[in-house]
Amino acid sequence: MTKAMGVTRPVMTAEEALADVKDGATVLIGGFGGSGNPVELIHALIDQGARELTVVNNNAGNGEVGLAALIREGRVAKVICSFPRSAASHHFNEAYLNGRIELETVPQGTLAERIRAGGSGIPAFYTRTSVGTPLAEGKPVATFDGRDYVQERAITGDLALVKASRADRCGNLQFHLAMRNFGPIMCMAATCAVVQADEILEPGEMDPEQVVTPGIFVNRLVHVPGAVQEQVLFEQGARYP
Amino acid sequence: MTKAMGVTRPVMTAEEALADVKDGATVLIGGFGGSGNPVELIHALIDQGARELTVVNNNAGNGEVGLAALIREGRVAKVICSFPRSAASHHFNEAYLNGRIELETVPQGTLAERIRAGGSGIPAFYTRTSVGTPLAEGKPVATFDGRDYVQERAITGDLALVKASRADRCGNLQFHLAMRNFGPIMCMAATCAVVQADEILEPGEMDPEQVVTPGIFVNRLVHVPGAVQEQVLFEQGARYP
Amino acid sequence: MTEAATKPRAAGLTRSQMAWRAAQDIPDGAFVNLGIGMPELAAQYVPEGRQVTYHSENGILGFGEGPAPEDVDWDLINAGKKPVTLNPGASIFHHADSFAMIRGGHIDLALLGAFQIAPNGDLANWRAGNEGIPAVGGAMDLVSGAKAVWCITEHTTKTGEPKLVESCSYPLTGIKVVSRIYTNLGVVHIEDGRFVLKAVAPGVTPEEVAEKTGAFLDISGEIERIAPPA
Amino acid sequence: MTEAATKPRAAGLTRSQMAWRAAQDIPDGAFVNLGIGMPELAAQYVPEGRQVTYHSENGILGFGEGPAPEDVDWDLINAGKKPVTLNPGASIFHHADSFAMIRGGHIDLALLGAFQIAPNGDLANWRAGNEGIPAVGGAMDLVSGAKAVWCITEHTTKTGEPKLVESCSYPLTGIKVVSRIYTNLGVVHIEDGRFVLKAVAPGVTPEEVAEKTGAFLDISGEIERIAPPA
């Protein structure tokens, strides 16, 4: 058995990491509200220029930065999320009410599980969530042990944009507190998972038992020390670009 | 919001923790080979006396201790596992070949996912694993995006027996290296998860980011400092009782 | 506490008193998910000595009070996007694990708001009609997955329409999911497909509650007279 | 190394040489799962400078050599239940996550043993018939989930029966899964539902390989002459 360390992941600039994003790509964007929101990567995606994107996020942006700015710039064709409304989701709201953006509303747990399924080779699963509601319309229903369940399909992405607090060069990730949220499962479900990390460690510097996302799920690393918080930017009235 | 700590889990003797196990119970037993094998809890289950058990484990015991001893004592009606054969699985082998024990052979990843599904409120899911093989016989097959997948059902247990290295009194768990294996998902899938831990900490002593199994999935704690290793017992030629 | 939580009303409970009354029933040892708004208020009224762990959809078990302003960490927020702290014994996990807890029946109680509730337990609480932007969050997962779903809501709308109705006209959140309702007028359980009055607010009669309920309300049983703290 | 791995044979590669030849094709940057037995031997022959991470079904990425006897930790074993060590950059996870990696297509290569392989890629490697105790382990998950499945096996059974056959008579592990086969006689790729000879062992002719293959073997292309290390 070779003693060399395992596969490492390239540490790139955000520009390099997103250079090959294509129009029409499905982009899984981590974060719940502002927590874990990869603002720097989203801004790099705005700079990069890809259009007609399908974005999977729990929300639909806030204020004039991050996902809200991506929507404002007319780059998002469809949003798949659980809760598009927020204090300042006016760009999404306006685009949606004017028919310029498509919305697929998904219960939050179904959204999370569909993403996990996408990363786990499970094309479909059954859940009790949404049975008998408008969000189950058009979906197959099956009965197990006398109860009805809705069949839900996996979500995968061409790209994931995820914020972590620490990465090692093998791509192993750790997340500060509730920054974790959708990050680990989005890394699993994307063909190319791009992760911005506050700190980048050498292989061997992260305790293997304390790795949250193994590097196999991570493709490219971007070192973003002192990353901004979407919520802080919002309170400052910041605008991008 | 109350400042008090959250729900704690009782720390009991193994005898107390297993006093209410009923004949016919389904018991999820952690471990992969000897690693993470909750030998002390299995021995307490032997002492407790429940019969006609269905046991879910990756294997089917080795030597004259632990699961092998439970089988030798005639207490197991059915084993659900991926790999019953091992260097010294003679008690299982003999019981199976003489028709005294039922066996459900499940691909290892399907076994793990069925248990995770059981703990996650997912009654069924689809997997490519086993398509076109004898292990798919009798199971529904569905086509997604042009490929066939087998429908697999969730596994739940009345009881889980799991070995951890550290627990806090809220039931949060950490596992030493590859001891982890089936432990976290079996805790999720059991009505009553009984965990033996080498060390028991006070709430607040385990970093919340480094909790592997949150205490919500754990019901009873048994303090077993210096737990034995099944493999070491086997090499010593140990026998229980 | 908001103005709405404290403003006096002619009869019945204030929002804080409603939260207090619901909190009295949260059992010892429960893992609880509290909806945004009035349900959140309940946490501060759980009787001393009861162990309760609060779950937040975004991957937290065991969160506690909001931090001092100088201690706010925007990566430690609850499902309502408000900064929180962690209590001893807390844990952090990802979103799929968080909803495995909910969907898998590990959360003992979800205490949620409501637009409409029917006597069969049907709940509508995510969308008041089909206009506007549909935003569901974790509501459907919670009502399908939690072992018990209780609602806390005004007994009627601002315009006096009943919220306890024969059948929900708003889009459903879940079918046959609610078992108890805490309102400004009292406590209503759902038993065998019927609303059953279990408690009334001070200054309110069971008949008045029945009158403001849009479906049959059984007032024939023993009915507690709620005695909220001052 | 076992006796079987080193014993000389009349013609063709030793077990170690077969493992060496397969190892030459393991690409740089690959996450690899090696089956128990001969596949495991390949790890030691991966050319210098290639980054390869080894996955073990029981929740390990990045394991390395076996430990010194005094360093054995029975909670750090591989899928073959043998003690291992961790390389820098390793990680530990639970069984469901481990098979999410496999089933989800994150493992680049599974190098496995084989009983029978058919030219359509069908593989039988878990059970030689229907007698005895059926034990499958992670084989079916690996062949269904890994991006590439290569087999390493003697070209024929001990009694001289071909293992590359028109159609598998043993119970299948997976359908249309194998793309390459490393045997003591050479390297066979599966292309468009046919066996295609890509390399031969020293002292072996393509015709001899074809003769020992139980289905059509295309020997018309360019064929490498394997030059194993001494």
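Analysis parameters
Residues numbered from 1 in each chain as written. Chains lettered and ligands numbered in written order. Predicted model: local features only at pLDDT ≥ 70, side-chain atom pairs only at ≥ 80, totals over all residues. Heavy atoms only, no water. Least-squares fit on C-alpha atoms with pLDDT ≥ 70 in both. Contact = heavy atoms within 4.5 Å. Buried area = accessible area lost by both parts, 1.4 Å probe. Salt bridge = Lys/Arg side-chain N within 4 Å of Asp/Glu carboxyl O. Polar contact = N/O pair within 3.5 Å; in protein donor to acceptor, adjacent residues only side chain to side chain. Helix = DSSP H or I, 4+ residues; strand = E, 2+ residues; numbered from the N terminus. Nonpolar A, V, L, I, M, F, W, Y, C, P; charged D, E, K, R; others polar. pLDDT = per-residue confidence, 0-100. Buried < 20%, exposed > 50% of the residue type's maximum accessible area, 1.4 Å probe, protein only.

Visitor: What am I meant to see in the relation of the copies chain B and chain A here?
Guide: Each of the two chain copies goes to the other by way of a rotation about an axis and a shift along it. With an RMSD of 0.0 Å, the fit of chain B onto chain A corresponds to turning through 180° and sliding 0.0 Å along the axis. Viewed as a symmetry operation, the transformation between the two copies matches a two-fold axis. Nearest to the rotation axis, the C-alpha of F125 of chain B is located 2.1 Å from it, this being the minimum over chain B. Both copies share a contact surface, since 100% of the interface residues of chain B are interface residues in chain A too.

Visitor: So what exactly am I meant to see when it comes to the interface of chain D and chain B here?
Guide: Interface size is commonly expressed as the accessible area that is lost once the parts come together. Contacts between the two partners involve 35 residues from chain D, matched on the other side by 45 residues from chain B. Buried area between chain D and chain B, both sides added, is near 3,300 Å², and the carbon and sulfur share of it is 65%. The largest per-residue losses of area from chain D upon contact with chain B belong to W74, D75 and I133 of chain D, which jointly make up 23% of the total buried on that side. Linking chain D to chain B there are one salt bridge. Taking the shortest distance from any N to any O, the salt bridge between E113 of chain B and R103 of chain D comes out at 3.9 Å. Taken together, chain D and chain B are joined by 18 residue pairs in polar contact (both at pLDDT 80 or more). It is helix α4 (residues 95-103) of chain D that provides the largest number of residues to the side of chain D that touches chain B, a total of four residues. Its residues assigned to classes, the side of chain D that touches chain B comprises 19 nonpolar, 10 polar and six charged.

Visitor: Please explain the confidence of the model for chain C as it appears in this structure.
Guide: Low pLDDT means the predicted atomic positions in that stretch should not be read closely. Residue and element names in this part refer to chain C. Here chain C averages 94 in pLDDT, and 96% of its residues register 70 or above. When the criterion is pLDDT under 50, residues 1-8 qualifies, and its contacts beyond four places in sequence or with other chains add up to 10 contacts. Model confidence for the complex is summarised by a pTM of 0.97, with the ipTM given as 0.96.

Visitor: Help me understand the environment of V195 of chain A in this model?
Guide: Residues and elements named next belong to chain A. Mapped onto the elements, V195 comes out in strand β11 (residues 190-201). For V195, a relative accessible area of 0% corresponds to the buried category. The spacing of V195 and V218 is 23 residues in sequence and 7.1 Å in space, taken between C-alpha atoms. Each residue touching V195, except ones within four places of it in the same chain, is listed here: L41, V162, A164, L173, C187, V218, R220, L221 and V222.

Visitor: Please explain the pattern of salt bridges as it appears in this structure.
Guide: Pairing is possible between side chains of opposite charge, provided their charged atoms come close. All told, the structure shown has 42 salt bridges over all chains when counted by the stated rule. The residue R116 of chain B makes a salt bridge to E113 of chain A at a minimum N-O spacing of 2.7 Å. Highlighted residues: R116 of chain B in helix α5 (residues 108-119) and E113 of chain A in helix α5 (residues 108-120), drawn from two different chains. With respect to burial, R116 of chain B and E113 of chain A carry one shared label: buried. Here the salt bridges do not stand alone but share partners, grouping E64, R72, E73 and R239 of chain A into one network.

Visitor: Mind showing me how you'd approach the interface of chain B and chain A here?
Guide: Each side of the interface is counted separately: chain B has 19 residues, and chain A has 19 residues. Carbon and sulfur atoms supply 49% of the area buried between chain B and chain A, which totals about 1,800 Å² over both sides. Remark: the boundary between chain B and chain A carries four salt bridges. Viewed at the interface, chain A and chain B are joined by 11 residue pairs in polar contact (both at pLDDT 80 or more). Elements represented by at least two residues in the side of chain B that touches chain A include exactly α5, β6 (124-127) and β8 (147-153) of chain B. When grouped by side-chain class, the residues that make up the side of chain B that touches chain A number nine nonpolar, four polar and six charged.

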